[in-house]
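These are the residues of each chain, in order.
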Amino acid sequence: MCLPTDEVPGEIARFRHAVRIAQQQIEEVRKRMRAALGEEQSYILEPHLLMLQDRSLGRQIEQFINDNRANAEWAVREVASRFISAYTQIADSYLRERSNDVEDVARRLISILSGTKVRDLNHLASDAIIVAEDLLPSVAAELDPKRILGFITTAGGSTSHTAIIARSLGIPAVVGVRELSGSIRSGETIIIDGSTGVVILRPSPETLLFYNEQRLREQEQKLHFLDERELPAVTSDGEVVALRANIELLEEIDAIHRSNAAGVGLYRSEYLYAQSAFGLPTEDDQYKVYRMLAEMSGEDGAVIRTFDLGGDKLHLSGFKAEPNPALGLRAIRLSMQIEEVFRTQLRAILRAAEHGRLKIVLPLITNLDELRTAKRIIAEVEREMRAKGIKHAEDIEIGVMVEVPSAVLQAEAIAREADFLSLGTNDLTQYMLAVDRTNESVSHLFDPLHPAVLRAIKFAADAARRARIAITVCGEMASNPVQVVVLLGLGLRDLSMTPNAIPAIKRVIRAIDLATAEKIAARALALTTPAEVNHYVREQVGAHWAHFLHTGLSHESMADLNFQR
Ligand code: PEP
Ligand code: MG
């Protein structure tokens, strides 16, 4: 996409400004390195600075902006890629190394330009555990599970997007550990027990041995899961439950098959933006991804959620920070404001839906007008495509994410006009209980087993049943063995979760019987405090299926699997 000619000088000015900021940032890091490691080590950053001062590099980027009417991010990426490919051809190993520096500088510039904090943590030595105050979901999405063994953050809650991403990458993580980073020094040995949320600093040799054995046991368990891949997800009394995949990252698409998922119950399309260095993906880029999802998800199909940007730290650059982002310009509200972006996404989905069974789900619907407006826009986009002779699917199914109290209380009316419902229990818990899902200070109050949340879930499930439309649970509850028992008891039969959790949840489904699950859910609904419900449900699950509580994948379950405070 080219810029209008009159915006080119502004783009060059934006690039020059980013260079100045990058210089300041690197000087700052150098100062800190000098203080901590001495003069010699601080020279590591010398090439970065030289590169930023190099007028010929700057001139090439500005030229690229001029010639192509390109935005600065695109120009930096293009010119950097040319340099990198030239460097990698060079025999001299020192010069070849310089390609890493170019990549580093380019990433820094792009992150400044796009307003995101892209940091390549994969440059850390392998077998690293990251200890940080916070990690942005977009940074977590870039971690390489082969190099990064795990991370611990002081901020965050178990259903924050950073936690969700770690789970889908299979990276053990413990989030929301307060006052931690000060007590850990670089190079020390740490154990992260993702299943219980325990972090052990400087472990004794015996503890290390114990956890190493534990790790081997978990690897063995994974092999058993492989044997069980083909088994159906059916309760012991014959009720079939659909287990679908939640997908965020393109790397995970293979996992649909590995986990034998019944298609994709939720594709969080906003990660296309998080994973792109160039801002919002084009229609063609989106089309390729959606088509791949359509083809990979077979008969069961894939549900594409339209961009859920804003809120939980996936900010669209160019929009100002909000005092209350969870209640602000997020999800469908943002899509309606940038309608051209919404239309572009819809075109890409409708084109891709020609190649398989795609559905659309709309995030954060709070009233019927939003659903009606979205449906009108989808119909208009279809009409335009028909008029232009562009191949696309007709009559695509349109669903609603039920994830705020107003949508629950209007579930009957929504169910009459939507083709299906998706129950987003992460946001539903956040908004029902007024607990920020990313704020560790209130994470003890975040509880999907709160009696009010259970009632809301039942209300939505009953509305869907009466309207004879499907309802899928796609929040983290669906991957929590203990909570799954309650969900089944409340009448839900369709669960979507990170593919890594499917084998363990299938075991849970195959072990339980519906009659018992219904009894547990009915009694839980009659209790009045979160503590009573938690105590009762855990006690019952322990009495009937104690192994759910003790497998590597029991989490105090997934809310607790991998991520506990
Ligand atoms: C949810 O809110 O439960 C959900 C599935 O969506 P997200 O976690 O992406 O907000
Ligand atoms: Mg949500």
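Being a predicted model, the structure only gives us computed values, none of them experimental.

Criteria and thresholds
Residues numbered from 1 in each chain as written. Chains lettered and ligands numbered in written order. Predicted model: local features only at pLDDT ≥ 70, side-chain atom pairs only at ≥ 80, totals over all residues. Heavy atoms only, no water. Helix = DSSP H or I, 4+ residues; strand = E, 2+ residues; numbered from the N terminus. Buried < 20%, exposed > 50% of the residue type's maximum accessible area, 1.4 Å probe, protein only. Contact = heavy atoms within 4.5 Å. Phe/Tyr/Trp six-rings, centres within 6.5 Å; stacked < 30°, edge-to-face > 60°. Near = heavy atom within 4 Å. Polar contact = N/O pair within 3.5 Å; in protein donor to acceptor, adjacent residues only side chain to side chain. Areas by Shrake-Rupley, 256 points an atom, 1.4 Å probe, with all protein chains shown as cover. Core = buried A, V, L, I, M, F, W, Y, C linked by side-chain atoms within 4.5 Å. pLDDT = per-residue confidence, 0-100. Salt bridge = Lys/Arg side-chain N within 4 Å of Asp/Glu carboxyl O. Pairing = 2+ DSSP bridges.

> Could you give me a rundown of the environment of Leu-266, with the residues and numbers involved?
Assignment of secondary structure puts Leu-266 in strand β7 (residues 264-268). A residue is classified by how much of its surface remains accessible, and Leu-266, at 1% relative accessible area, is buried. Between the C-alpha atom of Leu-266 and that of Glu-248, which follows or precedes it by 18 residues, the distance is 8.5 Å. Not counting residues up to four positions away in its chain, the partners in contact with Leu-266 are Ala-245, Asn-246, Ile-247, Val-303, Arg-305, Val-361, Met-401, Cys-474 and Ser-496.

> Got a sec to walk through the packing of aromatic side chains? Specific residues and values, please.
Between two aromatic rings, the relevant description is the distance of the centres plus the angle of the planes. In total, this model carries three aromatic pairs according to the counting rule given. Residues Phe-64 and Trp-74 carry aromatic rings whose centres are separated by 5.6 Å and whose planes lie at 80 degrees to one another, so their mutual orientation is edge-to-face. Here Phe-64 is found in helix α4 (residues 55-68), whereas its partner Trp-74 is found in helix α5 (residues 72-88), with 10 residues between them in sequence. Residue classification places Phe-64 among the buried residues on the basis of a relative accessible area of 8%. Under the relative-accessibility criterion, Trp-74 is labelled partly exposed at 30%. Plain terms: the ring middles of Tyr-267 and Tyr-290 are 6.3 Å apart, the flat faces sit at 75 degrees to each other, and that makes the pair edge-to-face. Taken together, the positions of Tyr-267 in strand β7 and Tyr-290 in helix α12 (residues 283-296) put the pair 23 residues apart, joining distant regions of the chain. Owing to a relative accessible area of 0%, Tyr-290 belongs among the buried residues under this scheme.

> Account for the side chain of Glu-382, with residues named and values stated.
Residue position: Glu-382 is located in helix α15 (residues 368-388). Note on Glu-382: relative accessible area 9%, which makes it buried. With sequence-adjacent residues up to four places away left out, Glu-382 is seen in contact with Leu-350, His-392, Ala-393, Glu-394, Asp-395 and Ile-396.

> Lay out the site of ligand 1 with the relevant residues and their values.
Surveying the vicinity of ligand 1 reveals 15 residues, the closest of which are His-161, Arg-268, Arg-305, Asn-426 and Arg-437. In this structure, an oxygen atom belonging to ligand 1 sits 2.8 Å away from a side-chain N or O atom of Arg-305. Expressed as a share of its isolated accessible area of 280 Å², the protein-covered part of ligand 1 is 100%. Mapped by element, the contributors of at least two residues to the shell around ligand 1 are α8 (161-169), β7 and α18 (425-433). Per element, the largest residue contribution to the shell around ligand 1 is three residues, and it comes from α18.

> Tell me about the nonpolar core, residues and numbers included.
If you look at soluble globular proteins, the nonpolar side chains tend to sit buried side by side. Among the nonpolar cores identified, the biggest contains 127 residues, and Tyr-290, Leu-358 and Leu-495 are the most heavily contacted of them. If near-sequence neighbours (up to four positions away) are discounted, Leu-495 is found in contact with Val-241, Ala-242, Leu-243, Arg-244, Thr-472, Val-473, Ala-478, Val-484, Leu-487, Leu-488, Ile-505 and Ile-509. Counting 28 residues, the second largest nonpolar core, distinct from the first, contains Phe-15, Val-19, Leu-49 and Val-79.

> Any chance you could break down the confidence of the model for the protein for me, citing the residues and the numbers?
Taken as a whole, the protein shows an average pLDDT of 87; of its residues, 89% reach a score of 70 or greater. A low-confidence stretch, residues 552-565 stays under pLDDT 50, and its non-local contacts, those more than four residues away or across chains, total 66 contacts.

> Go over the pattern of salt bridges with me, naming the residues and quoting the values.
This model, assessed by the stated rule, comprises 33 salt bridges. Among the salt bridges present, the one from Lys-359 reaches Glu-397, with a minimum N-O distance of 3.9 Å. Taken together, the residues span a long stretch of sequence, with Lys-359 in strand β9 (residues 358-362) and Glu-397 in strand β10 (residues 397-402) at a distance of 38 residues. With a relative accessible area of 16%, Lys-359 lands in the buried category. Residue Glu-397 is classed as partly exposed on the basis of its relative accessible area, which comes to 28%. Ionic pairing is found between Arg-466 and Glu-412, a salt bridge with its closest N-O pair at 2.6 Å.

> Can you tell me about the sheet that holds strand β1 (residues 128-132), naming the residues and giving the values?
If you walk across this open sheet you meet the three strands as β1-β2-β3, and the pairing is parallel. Bordering the open sheet on either side are β1 and β3 (173-174), each of which pairs with just one other strand. In this sheet, strand β2 (residues 148-153) lies alongside β1 in parallel orientation, the contact comprising five bridges. When the sheet's bridge partners are listed, Ala-132 is paired in β2 with Thr-153.

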